[in-house]
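An overview of the molecular structure
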Amino acid sequence: MTSDPARLASVSRPRIKASVATVAAGTGAGTASWLAYHYLMSQAGAARGVIGRNIAKPPEADGVYAPGVDTPERWWRGVPFDLHLMIFGDSSAAGVGALTADDVPGVRVAKLLADETGKRIRLSTKAIGGATSRGLSGQVDAMFIAGAPPDAAVILIGANDVTAKNAIHASARRLGCAVRRLRGSGAVVVVGTCPDLGVVTAIPQPLRTVVREWGHRLASAQASATKAAGGHPVPLADLLAKEFLASPDTMFSADRFHPSAAGYELAARQIVPVLASALGEWKGGPLPDLPQVSDAAQAQTMTARLTRVLNRAGLHPKPAVQELAGD
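Residues numbered from 1 in each chain as written. Predicted model: local features only at pLDDT ≥ 70, side-chain atom pairs only at ≥ 80, totals over all residues. Heavy atoms only, no water.

1. Digging into the overall build of the protein
What counts, and what does not: Secondary structure counts use DSSP, requiring at least four H or I residues in a row for a helix and at least two E residues in a row for a strand, with both numbered from the N terminus. Burial status follows relative accessibility: with a 1.4 Å probe on protein chains alone, a residue under 20% of its type maximum counts as buried, one over 50% as exposed, and anything between as partly exposed. For this analysis, residues touch if any pair of their heavy atoms sits within 4.5 Å. The accessible surface values rely on the Shrake-Rupley method and a 1.4 Å probe; as for residues, cover is taken only from the protein chains in view.
Along the backbone of the protein there are 14 helices and 6 strands. Residues classed as buried in the protein amount to 51% of the 327 residues present. Counting only contacts in the protein whose residues sit at least 6 apart along the sequence, the fraction spanning at least 24 positions is 79%. In the form shown here, the protein has an accessible surface area of approximately 14200 Å², with 56% of it arising from carbon and sulfur atoms.

As structure tokens, this is what we get:
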């Protein structure tokens, strides 16, 4: 969804070996470990060929969004606004997959926030396609160079850290540093944590289960780092997975990896209540408790499918089967 799909073919060999070794430990089969490792490598190459790489530049979308007005006003010095919203992160934050400016996630957030608050929202985008958590510091630097810090910031980051095989805790720490800097400037910060790569059916099993598990671990670490830095995490992996699994043709763009307009709209509707509430502007009633684990994607894992088959046969899954699925 937010990752550079070409990196799937270079998913960390040592880490995949470690995952496969867990299976072999349960069965005592070194040959099985070697075969499984090479099978995952072939799947990564196949997934790269199916998905390709979307290098299209997302539509320009910055401007001032007023309540109930579809067309933004171009911003320059002297144009009034009430709240300055800035978007940081990767291709999903930049809007890769969107066909028009109206479809870009920052625009969806800005419009919903304007309608909720009744205020004029200035949107600025610093996100860069292909970015990982390593790039967040540069994006925040660019913000300070460009002018005054925003009133609110939304960060969407994580999938590229998985496919670029960045260490989970280091990635979360870098995110926490970015959140802390933005909070220190006075901005309210909302982070959409790592999406669920298990919904990308173009990635074959069992590779999809491996990257999904890494993504969930990263999302959990990101949530902790965001909270510790004074930000507000939104678990997009859970909140979006059910709809993406149910309607992939609607929720994914043509590259079968990045969200479509409908997918970005769905994400914005999860982010805005948290953002508006953090700004003291939410009028939509009590916020629901946000889930931490994607039940919808969990139901699609190899463990879940094998368990259902074995249960129908009157059997019970072995621990080794559960380890194979990465649970």
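After that view of the structure, there is still more to cover.
2. Digging into helix α11 (residues 261-278)
Put simply, the test is: What a helix should span is 1.5 Å times the count of its residues minus one. Consider a residue and the seven residues that end there alongside the seven that start there; fitting an axis to each set, the bend is the angle between those axes.
With 18 residues, α11 extends 25 Å from end C-alpha to end C-alpha; this agrees with the ideal 26 Å at 1.5 Å per step. The largest bend in α11 is about 30 degrees, located at I271, with the proline P273 one to four residues further on. Taken together, the buried positions of α11 are occupied by G263, Y264, E265, L266, A267, A268, I271, V272, P273, V274, L275 and A276. Within two residues after α11, G280 carries a phi angle of roughly 75 degrees, on the positive side.

3. Thoughts on the packing of aromatic side chains
The condition is simple: Whether two aromatic rings pair depends on their centres lying within 6.5 Å, for rings of Phe, Tyr and Trp, where Trp uses its six-membered ring; planes under 30 degrees apart make the pair stacked, over 60 edge-to-face, and the rest tilted.
On inspection of all chains with the given rule, the structure shows 2 aromatic pairs. Ring plane angle 70 degrees and centroid distance 6.4 Å describe the contact between W75 and F81, whose orientation is recorded as edge-to-face. Given a relative accessible area of 29%, W75 falls into the partly exposed group. According to the relative accessible area criterion, F81 is partly exposed, its value standing at 30%. Between the aromatic rings of F244 and F252, the centroid separation amounts to 5.1 Å while the plane-to-plane angle is 75 degrees, which identifies the pairing as edge-to-face.

4. Some details on the nonpolar core
Worth spelling out the cut-off: Buried Ala, Val, Leu, Ile, Met, Phe, Trp, Tyr and Cys residues form a nonpolar core when they are joined through side-chain atoms within 4.5 Å.
Counting residues in hydrophobic clusters, the biggest one holds 59 residues, and the most contacted among them are L85 and L275. No other element matches the 9 residues that α11 contributes to this core. The residues touching L85, leaving out its near neighbours within four places in the chain, are G106, V109, A110, I121, R122, L123, S124, A152, V154 and L275. Within the second largest apolar cluster, 16 residues are counted, among which are A153, A178, L182 and V191.

5. Comments concerning the pairing of strand β5 (residues 188-192)
The line we're drawing: Should DSSP find at least two bridges between two strands, the strands are regarded as paired.
Extensive coverage of β5 is indicated by the burial of 5 of its 5 residues. Burial along β5 is two-sided: the face carrying V188, V190 and G192 and the face carrying V189 and V191 are both buried. Sheet topology places strand β4 (residues 152-156) next to β5; 5 bridges connect them, and they run parallel. Of the residues in β5, the one forming a bridge with A153 is V189.

6. Digging into the pattern of salt bridges
As a reminder of what qualifies: For this document, the term salt bridge refers to a Lys or Arg side-chain nitrogen within 4 Å of an Asp or Glu carboxyl oxygen.
Under the criterion given, the structure shown has 10 salt bridges. The salt bridge partner of E265 is R108, with a shortest N-O separation of 2.6 Å. Residue E265 is located in helix α11, and its partner R108 is located in helix α4 (residues 105-117); the two are separated by 157 residues in the primary sequence. Classification of R108 as buried rests on a relative accessible area of 18%.

7. Looking at the packing of helix α9 (residues 236-246) against α11
This is how it is decided: To get an axis, a line is fitted to the C-alpha atoms, and for a helix only the part in contact is used. The angle between two axes follows their N-to-C directions and goes from 0 to 180 degrees. Should the near helix be turned anticlockwise from the far one by less than a right angle, the crossing is left-handed, and should it be turned clockwise, the crossing is right-handed. Each residue is assigned to one class: nonpolar for Ala, Val, Leu, Ile, Met, Phe, Trp, Tyr, Cys and Pro, charged for Asp, Glu, Lys and Arg, and polar for all the others, Gly among them.
As a packed pair, α9 and α11 sit with axes 10 Å apart at the nearest point and diverge in direction by 145 degrees. Here α9 and α11 pass one another in a crossing that is right-handed. Contact residues: L236, L239, L240, E243 and F244 in α9; G263, L266, A267, Q270 and I271 in α11. When its residues are assigned to classes, the contact of α9 with α11 shows 7 nonpolar, 2 polar and 1 charged.

8. Examining unusual backbone geometry
You will see that K165, though not glycine, has its phi angle at about 55 degrees, which is positive. With respect to the helices and strands, the residue K165 is situated in the loop between α6 (159-163) and α7 (168-184). Overall, K165 belongs to the partly exposed group, its relative accessible area being 37%.

9. Quick look at the environment of R174
Mapped onto the secondary structure, R174 falls in helix α7. Considering only alpha carbons, one finds R174 and A225, 51 residues apart in sequence, at a separation of 8.9 Å. Beyond its immediate stretch of four places on either side in the chain, R174 contacts S133, R134, D161 and N166.

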